Amino acid sequence: MGKRVRRRQLLSSLTKKQKQHLRDFGEEHPFFDRVSGKEAKPQICQLSESSDTSNSESESESEPEQVSGYHKLLATLKNASEEEEDEEEEEEEEDSVDDAEVNEEDVSEEEETAAESAEMQEKVTLSAEAEEENHGDGETPGESQKPPAEFTDAKHEALFSLETNFLEEEGGDDCSLKVSQDPFVHHVNKELKEKEVQALPTNPKTTHRLKWPTLGQLVFSSRFQRMETFKPPKDVDLKSLHLQKPLGSTWTKTNGQFMSGPQKSRCPFSPLQKELFLLMNSYRDLFYPERTALGNGEEIRRVYCLHALNHVLKANARVLSNNTRRRSQKPGLSEDDGFRDQGLTRPKVLMVVPFREAALRLVQLFISLFEGDSKKKVVVSNRKRFQSEYGSDPEERPPNLKRPEDYEAVFVGNIDDHFRIGVAVLQRSIRLYAPFYSSDILIASPLGLRTIIGGEGVKKRDCDFLSSIELLIIDQADIYLMQNWEHVLHLMDHMNLLPLDSHGVDFSRVRMWSLNNWARFYRQTLLFGALQDAQINSVFNRFCVNLEGQVAVRNVPGPGSISHVLAQLPHVFQRMDPENLATAIDARFNFFVNKILPQYRDAIMSHTLIYVPSYFDYVRLRNYFKREELNFTHICEYTQKPAVSRARHFFLQGEKQFLLLTERFHFYKSGKPGLISPSTCSCCDDCLPTGPKTTGPTDHGPESLDCEPKQTFCLYKFIFSA
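Structure report, in brief. Remember, it's a predicted structure, so these values are computed and weren't measured experimentally.

Conventions used here
- Throughout, residues of each chain are indexed from 1 in the direction in which the sequence is written.
- Two thresholds apply to this predicted model, a pLDDT of at least 70 for residue-level local features and 80 or more for giving and counting side-chain atom pairs, whereas whole-chain, interface and lining totals are computed over all residues.
- Neither water nor hydrogens contribute to the side-chain values; these are computed over all heavy atoms in the structure.
- DSSP-based pairing: two strands are paired if at least 2 bridges between them are found.
- Helix and strand definitions here come from DSSP, where helices need a minimum of 4 consecutive H or I residues and strands a minimum of 2 consecutive E residues; each element is numbered from the N-terminal end.
- Fitting a line to C-alpha atoms yields each axis, with helices limited to the stretch in contact; the angle taken between N-to-C directions then spans 0 to 180 degrees.
- By the convention used here, residues are in contact when the closest approach between their heavy atoms is within 4.5 Å.
- When a residue's accessible area, from a 1.4 Å probe over protein chains only, is under 20% of the maximum for its type it is buried; when over 50% it is exposed; and in between it is partly exposed.
- To obtain the arc, one takes the directions from the helix axis to the C-beta atoms.
- Residues qualify for a patch when their relative accessible area is over 30% and they have no salt bridge, like charges being joined within 9 Å and the nonpolar side chains of Val, Leu, Ile, Met, Phe, Trp and Tyr within 5 Å.
- Here the open area of atoms and residues is found with the Shrake-Rupley method and a 1.4 Å probe, where only the protein chains shown may cover a residue.
- In what follows, salt bridge is the name for a side-chain nitrogen of Lys or Arg lying within 4 Å of a carboxyl oxygen of Asp or Glu.
- Here the word oblique covers every angle except those under 35 degrees (roughly parallel), over 145 (roughly antiparallel) and from 65 to 115 (roughly perpendicular).
- Each residue is assigned to one of three groups, with Ala, Val, Leu, Ile, Met, Phe, Trp, Tyr, Cys and Pro labelled nonpolar, Asp, Glu, Lys and Arg labelled charged, and all others, Gly among them, labelled polar.
- An expected span of 1.5 Å times one less than the residue number is assigned to each helix.
- Here the aromatic set is Phe, Tyr and Trp, taking the six-membered ring for Trp, and pairing holds for ring centres within 6.5 Å; pairs whose planes are under 30 degrees apart are stacked, those over 60 apart are edge-to-face, and all others are tilted.

## Comments concerning the sheet that holds strand E5 (residues 379-381)
Strands belonging to one sheet form pairs held by backbone hydrogen bonds; the direction of such a pair is parallel or antiparallel. Reading across from one edge, E1-E2-E11-E3-E10-E9-E4-E8-E6-E7-E5 is the order of the 11 strands in this open sheet, with mixed pairing throughout. Both edges of this open sheet fall to strand E1 (206-212) and E5, since each of them pairs with a single strand only. Sheet twist, expressed as the mean angle between neighbouring strand axes with direction ignored, is 15°. Pairing geometry for strand E3 (residues 285-288) and strand E10 (residues 524-528), over 3 bridges, is parallel. Note that in E10 the partner of tyrosine 288 across the bridge is phenylalanine 528. Strands E5, strand E6 (420-426) and strand E7 (429-432) of the sheet are contacted by helix H12 (residues 383-390), whose axis makes an angle of about 150° with E6.

Following this line, the structure appears as structure tokens:
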């Protein structure tokens, strides 16, 4: 009985989203760290060296090089389910023993208990029936029930079907699609030749550099022979941008706070938005590595939402217009290729964002772009359910937290990173929770897509909905480095593949370049991040093969903050030269173990913090410290709160000489008092420097620690000595 009481007390202190995350993944989300009003003193236990260095993580982490992140997630889910089953069995045994004791003591109490259980069973039955009725109206089941299956809207299938609807005379206008200057028409009607596709792997990449007023240094590149560059005009007219109705009239009202210029002749875009939209509207691949949550993040979000919605409305208008033409066509006439206006599946736009809060803002922008300030309200199905699942409750935020402004801007609202939702758009109506194969826009996180795409050997897996994606938007790519970058690579590997099933498509309406498996050459990719990272650059260079070409912003990084450190500290940079990239990881580890670590093993160096960017490097270094029996402690993103407090206390008192700290732990706890304050700087990745050095908003280097260590340094990227 005591174990069941402790479990109830633990669950009562959790919020709804924390309980959902605990059921799904078997652990609490790294963000939620309940902080009391005053700091509690850690309880010190006399533990052996082996127990202190091995209790916070499982022994299965000793060989991280052979286990992928996805298999770790599956193992976590399996272990969590097994633990819950064991606890349920123990509770049932305890309940049976207690019931036996009660039956032996008093028979009357048994009758009363039976009567009460019968009444309770009737209440549960009635509540379950009411819950099923409310479930169709958009309400979620209670917390005591098992998590329901993924909800999809099946009521509005006919209303949002492209095959059974036609273009209304008042609701749409296809005249813009007939203009040859429309970038959408020019892009989808462009035909590739077999010779061009075959020669693509051997063609050299041609590049051209231009400097734009706001974006700065741009690099235009293409592997196709034809490559065109252009400069932004001084003035931009909305009519020249070929915006589909009603975006031309609602955009100025939605984007009012970012409009620039005098009141009478105000430009509908900010200087940054104008140049970005001109590149987007040319259907070139774009990589912009200077997105900041506090600065231009909202500007960029609005402009790519305008481009995505404009693309979907034009594509659907063409399909509905061709439906009208086919209906008015006389029977018996042969159909030509003029009706080829679709892909192999309906989803056209995929928007990858890190948190549910970002998905909520995207949908709100779509609604705003439809409505503007007009009296006509947009019909949005399942809006109440969407607001409850993707919104946030201010009471759920941990109390007494003082975080930096950039941290607050990133972790605002609902920060659940496991979600996916389909959005169908038809004229002036929006359908949320649409089935994927009936959706126009898919909004999901990398983890949400990975769980449905699956991997090799998984029975229930599906990636056909990615076969005809024409616009891929990856926002806040730097955050995925702190989540799981393998999910992004797995997604890119499954983009624009031929589907395994037809999914009811009319092949007479499918474009020829989709049937030829050339959809990847017509897909536009928009990639936004806060830093120029090698892994992000690799995705852009490897998977972006748009026939219109690629554009990347390549501005030289400005001066970092290493010169702004107030304390006069020595900074030592050590350079290593690996033979090749394949052996770089082993070379860095051996260089650190043989050249750098011996300098800090003296007893004089009583406080040394090792800041490790990669979790796999952290596990490898931790195992090495165990084998060498070094006096150390460690903290990572999977370490429980008591173990974190104990490790900090040992390091503060000097009982532990080394403290291993992962970058991901600092990413989720960067603003907590007593931990590490963030700084910003940039440097070459080939250097192994000594100094307070970071590369972007997620690579926060150590500046100060409450224990004032005599030596603090970071592994592989930088080292900081105090």
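After that view, the rundown keeps rolling.
## With respect to H12
By the burial criterion, the buried members of H12 are Arg385, Phe386, Glu389 and Tyr390. Down the axis of H12, the sector holding all buried residues measures 105°, keeping them to one side.

## Let's talk about a nonpolar patch on the surface
Taken together, the side chains of Phe507, Met512 and Leu515 define a hydrophobic patch exposed on the protein surface, amounting to about 260 Å² of accessible area. As for its position among the elements, phenylalanine 507 is in the loop between helix H16 (485-493) and helix H17 (512-515).

## Some remarks on the packing of H16 against helix H18 (residues 534-543)
Orientation of H16 relative to H18, taken along the N-to-C sense of each, is 0°, at an axis distance of 12 Å. The angle between H16 and H18 falls in the class roughly parallel. For the pair H16 and H18, the contacting residues are Trp485, Leu489, Met492 and Asp493 in the first and Gln535, Ile536, Val539, Arg542 and Phe543 in the second. Of the residues that constitute the contact of H16 with H18, the class distribution is 6 nonpolar, 1 polar and 2 charged.

## So, unusual backbone geometry
Cis geometry is adopted by the peptide bond preceding proline 246, which originates at lysine 245 and carries an omega value of 0°. For proline 246, the location among the structural elements is in the loop between strand E2 (216-222) and helix H8 (247-254). Positive phi outside glycine occurs at asparagine 382, with the angle close to 60°. Its identity is not glycine, yet tyrosine 433 carries a phi of approximately 60°, on the positive side.

## Focus on helix H20 (residues 615-627)
Helix length check: H20 (13 residues) gives 18 Å between terminal C-alpha atoms against 18 Å at 1.5 Å per residue, within 8%. Residues Tyr615, Asp617, Tyr618, Val619, Leu621, Arg622, Asn623, Tyr624 and Phe625 constitute the buried set of H20. In the stretch just after H20, glutamate 629 is the one whose phi turns positive, near 55°.

## Describing the packing of aromatic side chains
In the structure shown here, the tally under the stated rule is 25 aromatic pairs. Aromatic pair phenylalanine 411 and tyrosine 668: ring centres 5.7 Å apart, planes at 50°, arrangement tilted. Placement of phenylalanine 411 in the loop between helix H13 (405-410) and E6 and of tyrosine 668 in helix H22 (residues 663-669) is noted, with a sequence separation of 257 residues between them. On the basis of relative accessible area, phenylalanine 411 is assigned to the buried category, the value being 2%. The buried category is assigned to tyrosine 668, whose relative accessible area is 2%. For the ring pair phenylalanine 589 and tyrosine 624, a centre distance of 5.9 Å and an interplane angle of 90° mean the geometry is edge-to-face.

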